[in-house]
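# Coordinate inspection notes
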Amino acid sequence: MSLTHSIQKTIGRFAPSPTGHLHFGSLIAAVASYCMAKQSGGEWLLRIDDLDQPRVVAGAADIIMHQLETFGLLWDRSVVYQSERSEIYRAAIERLKQVGLTYPCSCSRREILASAPHLGEEGAIYPGTCRHKIQPTNSSYCTRITTPDNEILFNDGIYGPISQNLAREVGDFPLQRADGIFSYQLAVAVDDHACGVNQVVRGRDLLFSTPRQIHLLQQLGYAIPTYTHIPLVLSLDGEKISKRHHQVGDSLEQSPSTLLYLALDFLGQHPPKDLCAEQPATIVVWACSHFNLQHVTPADRVFPLK
């Protein structure tokens, strides 16, 4: 086999939720993921994570795509919409069911909170109440996957070795809610595999979702991508920047070139001052050529957008 064919092509992705315009934190994640995919000649994909339809803002996906184009962040394949992939998620659950890894759960949030041994990173830890119960006769139940009582390990590109015991720190987590909506964890794992994604770059707020996705990938027999989680931009009150704080190209007055410059500055890439006056496409070319992950400061921090 030649060296050319033995080297796996990098495939990265950006996966915004269409609940509003891009905010500055999302732009930073998009820039980092784009640069890391492109600097090695890889592909950068765009997926719209619109599973939770009640939260989707009409027209937001089109606005996000227009914003990315304005910044010169162009995707390499057709856009994937999670809302159109229900059959694929259903088939994945069926595969897990066939090997005895899933079960129906009719516990309410109040019941889970009351029976949880303690609180984890994202709320009450499910203690497995319904794991050995007979299937509920009513239709109001979610589908959960059993979790192992051992450590799931991965090496994050910025935060280094991460370890999590899913059984003790998360509990059996849902794959499909009682209202039929498929879980974020399931959809992300299935879609990353289906699209050949082998490099995941995203915000640090998703760092502790990663072991759940790895567990699903392992149980489905899929390859595990590399993971890099980018530190978060904080508002002046110390909270993660979100769509209610700043919207790129909407409430912010800076030009796309200025915002790209600021994003690279936040990422520790030290862009030259005169780059701010260039067109976005020129800035993106510089960024892909010079991006160095080792220069990214791990700490979340307030970053003035002026």
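Residues numbered from 1 in each chain as written. Predicted model: local features only at pLDDT ≥ 70, side-chain atom pairs only at ≥ 80, totals over all residues. Heavy atoms only, no water.

Among the secondary structure elements, Asp191 is positioned in helix H7 (residues 184-194). Taking relative accessible area as the criterion, Asp191 reaches 0% and is therefore assigned buried. Beyond its immediate sequence surroundings of up to four residues, Asp191 is in contact with Arg47, Gln82, Arg85 and Tyr89. (Helix = DSSP H or I, 4+ residues; strand = E, 2+ residues; numbered from the N terminus. Buried < 20%, exposed > 50% of the residue type's maximum accessible area, 1.4 Å probe, protein only. Contact = heavy atoms within 4.5 Å.)

All right, on to the sheet that holds strand E10 (residues 173-176) then. Spatially, three strands are ordered E4-E7-E10 in an open sheet, and the strand pairing comes out antiparallel. Two strands bound the open sheet, and with one partner strand each, they are strand E4 (102-105) and E10. Taking the axes of each pair of neighbouring strands and ignoring which way they run, one obtains an average angle of 45° across the sheet. When strand E7 (residues 142-145) meets E10, the two strands line up antiparallel, connected through three bridges. Its bridge partner lying in E10, Ile145 is registered against Phe173. (Pairing = 2+ DSSP bridges. Axes fitted to C-alpha atoms, helices over the stretch in contact; angles between N-to-C directions.)

Our next topic: the confidence of the model for the protein chain. Across the protein chain, pLDDT averages 90, with 87% of residues at or above 70. Note that residues 1-5 has pLDDT below 50 and, in this model, one contact with residues that lie over four places away or in other chains. (pLDDT = per-residue confidence, 0-100.)

Counting residues in hydrophobic clusters, the biggest one holds 43 residues, and the most contacted among them are Phe24, Val31, Trp44, Leu68, Leu73 and Leu267. At the level of elements, helix H2 (24-38), strand E2 (43-48), helix H3 (60-70), helix H9 (256-266) and helix H10 (280-290) are the ones that each hand at least two residues to this core. With 11 residues, H2 is the single largest residue contributor to this core. The residues contacting Val31, other than those within four sequence positions of it, are Leu73, Leu260, Ala263, Leu264 and Leu267. With 32 residues, the next largest nonpolar core counts Leu51, Phe154, Leu175 and Val190 among its residues. (Core = buried A, V, L, I, M, F, W, Y, C linked by side-chain atoms within 4.5 Å.)

As a further point, take H10. All of the buried residues along H10 are Pro280, Ile283, Val284, Trp286, Ala287 and Cys288. On its buried face, H10 is in contact with H2, H3 and H9.

Here strand E8 (residues 151-156) shows a clear split, with Ile152, Phe154 and Asp156 buried on one side and none of Glu151, Leu153 and Asn155 buried on the other. The pairing of E8 with strand E9 (residues 160-165) spans six bridges and is classified as antiparallel. Across the sheet, Phe154 pairs through a bridge with Ile162, a residue of E9. Between E8 and the antiparallel strand that follows it, E9, lie three residues.

Take the sheet that holds strand E1 (residues 11-14) next. Pairing in this open sheet of three strands is parallel, and the strands run E1-E2-E3 from one edge to the other. Of all the strands in the sheet, just E1 and strand E3 (80-81) have a single pairing partner and so form its edges. Across two bridges, the pairing between E2 and E3 is parallel. Bridge pairing in E3 links Ile48 to Tyr81. Each of E1 and E2 touches H2; the most contacted strand, E2, lies at about 145° to it.

Within the secondary structure, Gln213 is located in helix H8 (residues 210-220). Among the polar contacts made by the side chain of Gln213, one reaches the side chain of Gln185 at a distance of 2.9 Å. (Polar contact = N/O pair within 3.5 Å; in protein donor to acceptor, adjacent residues only side chain to side chain.)

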